[in-house]
Amino acid sequence: KSELALMFGIIVLLPLENNTLNLIPAPRMYKPLLLDYEADKLEIGWRMKALQEGMGLPPVMVNYRRCYIPLARDIEQIKRHVEETQSEFLIVDSLGPACGGELRDAGPALDYFCALRQIKTYKGDPMTSFTLAHTAKNSEGKKSIFGSMFFEAIARSVWEINGDQEEDADDINISLRHTKANMSKKHKTLGFNVNFADDKTVISVINPQGISGLVERMGANTKILQCLKDRPMTQSELVANTGLKDNNIYQALLRLKTKNLIVKEKGVWGLITHAEF
(Lines give C-alpha, C1' and ligand atoms only; values in the text may rest on other atoms or scores of the structure.)
Protein backbone atom coordinates (compact mmCIF):
# COMPACT_ATOMS: atom_id res chain seq x y z
CA LYS A 1 0.00 0.00 0.00
CA SER A 2 2.87 2.40 0.71
CA GLU A 3 4.35 1.95 -2.78
CA LEU A 4 0.97 2.69 -4.36
CA ALA A 5 0.56 5.78 -2.17
CA LEU A 6 3.99 7.05 -3.26
CA MET A 7 3.16 6.35 -6.90
CA PHE A 8 -0.08 8.26 -6.58
CA GLY A 9 1.89 11.13 -5.03
CA ILE A 10 4.31 11.14 -7.96
CA ILE A 11 1.46 11.16 -10.50
CA VAL A 12 -0.11 14.15 -8.72
CA LEU A 13 3.25 15.92 -8.36
CA LEU A 14 4.51 15.77 -11.96
CA PRO A 15 1.58 15.55 -13.04
CA LEU A 16 2.14 12.32 -14.96
CA GLU A 17 -0.25 12.32 -17.90
CA ASN A 18 -0.71 9.23 -20.08
CA ASN A 19 0.76 7.10 -17.27
CA THR A 20 0.85 3.33 -17.67
CA LEU A 21 -1.51 2.88 -14.68
CA ASN A 22 -4.39 4.47 -16.63
CA LEU A 23 -4.91 7.04 -13.85
CA ILE A 24 -6.05 10.56 -14.67
CA PRO A 25 -4.08 13.27 -12.84
CA ALA A 26 -5.22 16.82 -12.17
CA PRO A 27 -4.43 19.33 -14.95
CA ARG A 28 -1.71 20.98 -12.85
CA MET A 29 0.93 20.00 -10.30
CA TYR A 30 -0.07 19.50 -6.67
CA LYS A 31 2.74 19.10 -4.15
CA PRO A 32 2.10 16.11 -1.87
CA LEU A 33 3.20 15.94 1.77
CA LEU A 34 3.79 12.53 3.32
CA LEU A 35 3.12 12.35 7.06
CA ASP A 36 5.10 9.21 7.88
CA TYR A 37 4.27 7.40 11.13
CA GLU A 38 5.80 4.04 10.16
CA ALA A 39 9.13 4.40 8.31
CA ASP A 40 11.85 7.06 8.00
CA LYS A 41 13.16 9.42 5.33
CA LEU A 42 15.94 7.03 4.28
CA GLU A 43 13.47 4.20 3.60
CA ILE A 44 11.07 6.49 1.75
CA GLY A 45 13.96 7.80 -0.34
CA TRP A 46 14.94 4.23 -1.26
CA ARG A 47 11.35 3.40 -2.23
CA MET A 48 11.12 6.54 -4.37
CA LYS A 49 14.38 5.66 -6.14
CA ALA A 50 13.15 2.10 -6.82
CA LEU A 51 9.92 3.48 -8.29
CA GLN A 52 11.73 6.01 -10.44
CA GLU A 53 14.09 3.40 -11.88
CA GLY A 54 11.39 0.77 -12.33
CA MET A 55 8.82 3.12 -13.88
CA GLY A 56 11.26 5.25 -15.88
CA LEU A 57 10.37 8.43 -13.99
CA PRO A 58 12.37 11.63 -13.55
CA PRO A 59 13.99 12.12 -10.12
CA VAL A 60 11.40 13.74 -7.83
CA MET A 61 10.73 13.70 -4.10
CA VAL A 62 7.49 14.26 -2.26
CA ASN A 63 7.53 16.61 0.72
CA TYR A 64 8.20 14.59 3.84
CA ARG A 65 7.64 14.81 7.59
CA ARG A 66 8.55 12.09 10.07
CA CYS A 67 5.79 11.94 12.69
CA TYR A 68 5.73 10.31 16.12
CA ILE A 69 2.80 11.85 18.04
CA PRO A 70 -0.90 11.75 17.03
CA LEU A 71 -2.08 14.22 14.40
CA ALA A 72 -4.48 16.06 16.72
CA ARG A 73 -1.66 16.82 19.19
CA ASP A 74 0.76 17.81 16.42
CA ILE A 75 -1.64 19.88 14.36
CA GLU A 76 -0.01 23.33 14.71
CA GLN A 77 3.44 22.02 13.69
CA ILE A 78 1.95 20.13 10.74
CA LYS A 79 0.06 23.21 9.56
CA ARG A 80 3.30 25.15 9.76
CA HIS A 81 5.08 22.44 7.74
CA VAL A 82 2.36 22.61 5.06
CA GLU A 83 2.98 26.34 4.75
CA GLU A 84 6.76 25.92 4.57
CA THR A 85 6.61 23.19 1.91
CA GLN A 86 3.67 24.74 0.00
CA SER A 87 1.89 21.39 0.07
CA GLU A 88 -1.58 20.80 -1.42
CA PHE A 89 -2.13 17.05 -1.05
CA LEU A 90 -1.74 15.06 2.18
CA ILE A 91 -0.74 11.38 2.48
CA VAL A 92 -1.00 9.89 5.98
CA ASP A 93 0.77 6.56 6.58
CA SER A 94 -0.88 5.26 8.62
CA LEU A 95 -4.15 5.82 10.51
CA GLY A 96 -3.45 3.89 13.74
CA PRO A 97 -0.42 5.84 14.99
CA ALA A 98 -1.81 9.06 13.50
CA CYS A 99 -4.82 8.68 15.83
CA GLY A 100 -3.26 7.18 18.94
CA GLY A 101 -5.34 5.90 21.87
CA GLU A 102 -7.87 3.08 21.75
CA LEU A 103 -8.98 2.91 18.12
CA ARG A 104 -12.26 1.18 18.97
CA ASP A 105 -13.38 4.27 20.89
CA ALA A 106 -15.07 7.15 19.08
CA GLY A 107 -12.79 9.81 20.59
CA PRO A 108 -9.54 9.17 18.64
CA ALA A 109 -11.44 8.86 15.35
CA LEU A 110 -13.36 12.10 15.87
CA ASP A 111 -10.21 13.92 17.02
CA TYR A 112 -8.37 12.72 13.92
CA PHE A 113 -10.98 13.95 11.45
CA CYS A 114 -11.45 17.25 13.28
CA ALA A 115 -7.69 17.83 13.13
CA LEU A 116 -7.56 16.81 9.47
CA ARG A 117 -10.21 19.41 8.62
CA GLN A 118 -8.05 22.15 10.14
CA ILE A 119 -5.26 21.52 7.63
CA LYS A 120 -5.52 23.80 4.60
CA THR A 121 -3.23 24.13 1.61
CA TYR A 122 -0.66 26.90 1.69
CA LYS A 123 -3.17 28.86 -0.42
CA GLY A 124 -5.85 28.41 2.23
CA ASP A 125 -7.93 25.97 0.18
CA PRO A 126 -9.35 22.68 1.57
CA MET A 127 -6.66 20.00 1.66
CA THR A 128 -7.24 16.74 -0.20
CA SER A 129 -6.05 13.89 2.02
CA PHE A 130 -5.31 10.20 1.49
CA THR A 131 -5.06 8.06 4.63
CA LEU A 132 -3.72 4.50 4.69
CA ALA A 133 -5.29 2.22 7.31
CA HIS A 134 -5.21 -1.38 8.46
CA THR A 135 -8.26 -3.62 8.34
CA ALA A 136 -10.13 -5.93 10.68
CA LYS A 137 -12.61 -8.70 9.96
CA ASN A 138 -16.03 -8.51 11.53
CA SER A 139 -18.12 -11.47 12.65
CA GLU A 140 -19.28 -12.10 9.07
CA GLY A 141 -15.74 -12.21 7.73
CA LYS A 142 -16.06 -8.88 5.92
CA LYS A 143 -13.24 -6.37 6.06
CA SER A 144 -13.53 -2.91 7.56
CA ILE A 145 -11.16 -0.25 8.84
CA PHE A 146 -9.80 -1.38 12.20
CA GLY A 147 -11.36 0.53 15.08
CA SER A 148 -14.34 2.83 15.47
CA MET A 149 -17.18 2.87 12.94
CA PHE A 150 -16.52 6.61 12.54
CA PHE A 151 -13.40 5.90 10.47
CA GLU A 152 -15.67 4.75 7.64
CA ALA A 153 -18.71 6.86 8.52
CA ILE A 154 -16.85 10.18 8.23
CA ALA A 155 -14.55 9.26 5.33
CA ARG A 156 -15.82 10.55 2.00
CA SER A 157 -14.38 7.70 -0.06
CA VAL A 158 -13.08 4.28 1.01
CA TRP A 159 -11.03 1.81 -1.03
CA GLU A 160 -10.22 -1.73 0.12
CA ILE A 161 -6.78 -3.06 -0.85
CA ASN A 162 -6.25 -6.81 -1.11
CA GLY A 163 -3.05 -8.62 -2.01
CA ASP A 164 -2.30 -12.02 -3.51
CA GLN A 165 1.32 -13.18 -3.33
CA GLU A 166 2.98 -16.54 -3.88
CA GLU A 167 5.64 -17.74 -1.45
CA ASP A 168 9.16 -16.52 -2.26
CA ALA A 169 7.82 -14.33 -5.09
CA ASP A 170 9.25 -10.94 -6.09
CA ASP A 171 5.85 -9.55 -6.98
CA ILE A 172 2.36 -9.19 -5.58
CA ASN A 173 -1.03 -8.77 -7.24
CA ILE A 174 -3.20 -6.07 -5.67
CA SER A 175 -6.85 -5.20 -6.11
CA LEU A 176 -8.40 -1.85 -5.15
CA ARG A 177 -12.15 -2.15 -4.53
CA HIS A 178 -14.22 1.01 -4.06
CA THR A 179 -16.45 0.26 -1.06
CA LYS A 180 -17.78 3.76 -0.29
CA ALA A 181 -18.36 6.85 -2.42
CA ASN A 182 -20.11 9.99 -1.16
CA MET A 183 -19.62 12.37 -4.09
CA SER A 184 -19.75 9.97 -7.04
CA LYS A 185 -20.73 6.48 -8.08
CA LYS A 186 -18.37 3.70 -7.05
CA HIS A 187 -15.43 3.20 -9.37
CA LYS A 188 -14.86 -0.18 -10.95
CA THR A 189 -12.32 -2.40 -9.17
CA LEU A 190 -8.69 -1.79 -10.17
CA GLY A 191 -5.91 -4.37 -10.38
CA PHE A 192 -2.15 -3.86 -10.23
CA ASN A 193 0.95 -6.04 -10.16
CA VAL A 194 3.83 -4.68 -8.06
CA ASN A 195 7.24 -6.22 -8.88
CA PHE A 196 10.20 -5.56 -6.54
CA ALA A 197 12.96 -7.44 -8.42
CA ASP A 198 16.49 -6.02 -8.86
CA ASP A 199 15.93 -3.04 -6.51
CA LYS A 200 13.40 -1.65 -8.97
CA THR A 201 9.67 -1.30 -8.36
CA VAL A 202 7.52 -1.81 -11.43
CA ILE A 203 3.76 -1.31 -11.13
CA SER A 204 1.59 -2.54 -14.00
CA VAL A 205 -2.13 -2.85 -14.65
CA ILE A 206 -3.72 -6.32 -14.49
CA ASN A 207 -7.25 -7.70 -14.61
CA PRO A 208 -8.46 -7.71 -10.98
CA GLN A 209 -10.88 -10.58 -11.63
CA GLY A 210 -8.00 -13.04 -11.58
CA ILE A 211 -6.78 -12.07 -8.10
CA SER A 212 -7.38 -14.83 -5.56
CA GLY A 213 -10.15 -14.15 -3.06
CA LEU A 214 -11.53 -11.08 -4.83
CA VAL A 215 -14.54 -12.83 -6.36
CA GLU A 216 -15.90 -13.65 -2.89
CA ARG A 217 -15.97 -9.92 -2.05
CA MET A 218 -17.61 -8.78 -5.29
CA GLY A 219 -21.12 -7.40 -5.42
CA ALA A 220 -23.95 -9.41 -6.97
CA ASN A 221 -23.81 -7.56 -10.31
CA THR A 222 -20.10 -8.20 -10.78
CA LYS A 223 -20.35 -11.85 -9.73
CA ILE A 224 -23.10 -12.46 -12.29
CA LEU A 225 -21.22 -10.70 -15.09
CA GLN A 226 -18.11 -12.65 -14.25
CA CYS A 227 -20.04 -15.95 -14.50
CA LEU A 228 -21.75 -14.98 -17.75
CA LYS A 229 -18.40 -14.01 -19.21
CA ASP A 230 -17.61 -17.74 -19.30
CA ARG A 231 -20.96 -18.93 -20.73
CA PRO A 232 -24.72 -18.24 -20.65
CA MET A 233 -26.49 -19.60 -17.55
CA THR A 234 -29.92 -20.10 -16.10
CA GLN A 235 -30.89 -18.34 -12.87
CA SER A 236 -30.46 -21.57 -10.89
CA GLU A 237 -26.98 -22.06 -12.37
CA LEU A 238 -26.06 -18.52 -11.34
CA VAL A 239 -27.23 -19.25 -7.80
CA ALA A 240 -25.01 -22.35 -7.69
CA ASN A 241 -21.97 -20.59 -9.18
CA THR A 242 -22.12 -17.35 -7.18
CA GLY A 243 -23.28 -18.62 -3.79
CA LEU A 244 -25.87 -15.83 -3.67
CA LYS A 245 -29.47 -16.27 -2.61
CA ASP A 246 -32.08 -16.72 -5.31
CA ASN A 247 -33.82 -13.42 -4.53
CA ASN A 248 -30.52 -11.50 -4.65
CA ILE A 249 -29.74 -13.05 -8.03
CA TYR A 250 -33.21 -12.15 -9.32
CA GLN A 251 -32.90 -8.49 -8.27
CA ALA A 252 -29.39 -8.22 -9.73
CA LEU A 253 -30.53 -9.75 -13.04
CA LEU A 254 -33.26 -7.12 -13.30
CA ARG A 255 -30.73 -4.33 -12.66
CA LEU A 256 -28.32 -5.68 -15.27
CA LYS A 257 -31.12 -6.14 -17.81
CA THR A 258 -32.21 -2.52 -17.27
CA LYS A 259 -28.64 -1.43 -18.00
CA ASN A 260 -28.70 -3.45 -21.25
CA LEU A 261 -25.78 -5.58 -20.14
CA ILE A 262 -27.56 -8.95 -20.25
CA VAL A 263 -30.43 -10.59 -22.08
CA LYS A 264 -32.67 -13.60 -21.38
CA GLU A 265 -33.60 -16.08 -24.09
CA LYS A 266 -35.49 -19.33 -23.45
CA GLY A 267 -34.77 -19.13 -19.72
CA VAL A 268 -31.02 -18.59 -20.19
CA TRP A 269 -29.17 -15.37 -19.34
CA GLY A 270 -26.22 -14.13 -21.42
CA LEU A 271 -24.10 -11.06 -22.00
CA ILE A 272 -25.12 -8.47 -24.58
CA THR A 273 -21.72 -6.81 -24.62
CA HIS A 274 -18.18 -7.61 -23.59
CA ALA A 275 -17.63 -4.15 -22.15
CA GLU A 276 -15.31 -3.93 -19.14
CA PHE A 277 -16.85 -4.54 -15.71
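First, a word on what this report is: a plain description of the structure on this page.

### Quick look at the packing of aromatic side chains
Here comes step 1: Taken as a whole, this structure holds two aromatic pairs when the rule is applied.
Here comes step 2: Geometrically, the ring pair formed by Phe8 and Phe130 is tilted, given 6.0 Å between the ring centres and 55° between the ring planes. You can see Phe8 sitting in helix α1 (residues 2-13) and its partner Phe130 sitting in strand β4 (residues 128-132), a full 122 residues away along the chain.
Here comes step 3: Looking at Phe130, the relative accessible area reads 26%, which means it is partly exposed.

### A few points about the sheet that holds strand β2 (residues 63-66)
Here comes step 1: The sheet built from four strands is open, its strands ordered β2-β1-β3-β4 with parallel pairing. Edge strands, defined here as strands with exactly one partner in the open sheet, are β2 and β4. Adjacent strand axes in the sheet meet at a mean angle of 15° when their direction is disregarded.
Here comes step 2: Pairing of strand β1 (residues 32-36) with strand β3 (residues 89-93) involves five bridges; the strand directions are parallel. Its bridge partner lying in β3, Leu34 is registered against Ile91.
Here comes step 3: Lying on the sheet, α1 is in contact with β1, β3 and β4; it crosses β3 at an angle near 170°.

### Some words on the pattern of salt bridges
Here comes step 1: All chains considered together, the criterion is met by nine salt bridges.
Here comes step 2: The partner of Glu3 in a salt bridge is Arg47, with the nearest N and O atoms 3.3 Å apart. Within this pair, whereas Glu3 is found in helix α1, its partner Arg47 is found in helix α2 (residues 41-55), the two being separated by 44 residues in sequence.
Here comes step 3: Exposure remark for Arg47: the relative accessible area of 18% places this residue in the buried category.
Here comes step 4: Residues Glu43 and Arg47 are paired through a salt bridge, measuring 2.9 Å at the closest nitrogen-oxygen approach. In this pair, Glu43 and Arg47 both sit in helix α2, four residues apart, roughly one turn of the helix.
Here comes step 5: Residue Glu43 is classed as partly exposed on the basis of its relative accessible area of 32%.
Here comes step 6: A single network of salt bridges, built from pairs that share partners, joins Glu3, Glu43 and Arg47.

Scoring rules and cut-offs
- Residues numbered from 1 in each chain as written.
- Predicted model: local features only at pLDDT ≥ 70, side-chain atom pairs only at ≥ 80, totals over all residues.
- Heavy atoms only, no water.
- Phe/Tyr/Trp six-rings, centres within 6.5 Å; stacked < 30°, edge-to-face > 60°.
- Helix = DSSP H or I, 4+ residues; strand = E, 2+ residues; numbered from the N terminus.
- Buried < 20%, exposed > 50% of the residue type's maximum accessible area, 1.4 Å probe, protein only.
- Pairing = 2+ DSSP bridges.
- Axes fitted to C-alpha atoms, helices over the stretch in contact; angles between N-to-C directions.
- Contact = heavy atoms within 4.5 Å.
- Salt bridge = Lys/Arg side-chain N within 4 Å of Asp/Glu carboxyl O.

By themselves these figures say nothing about function.
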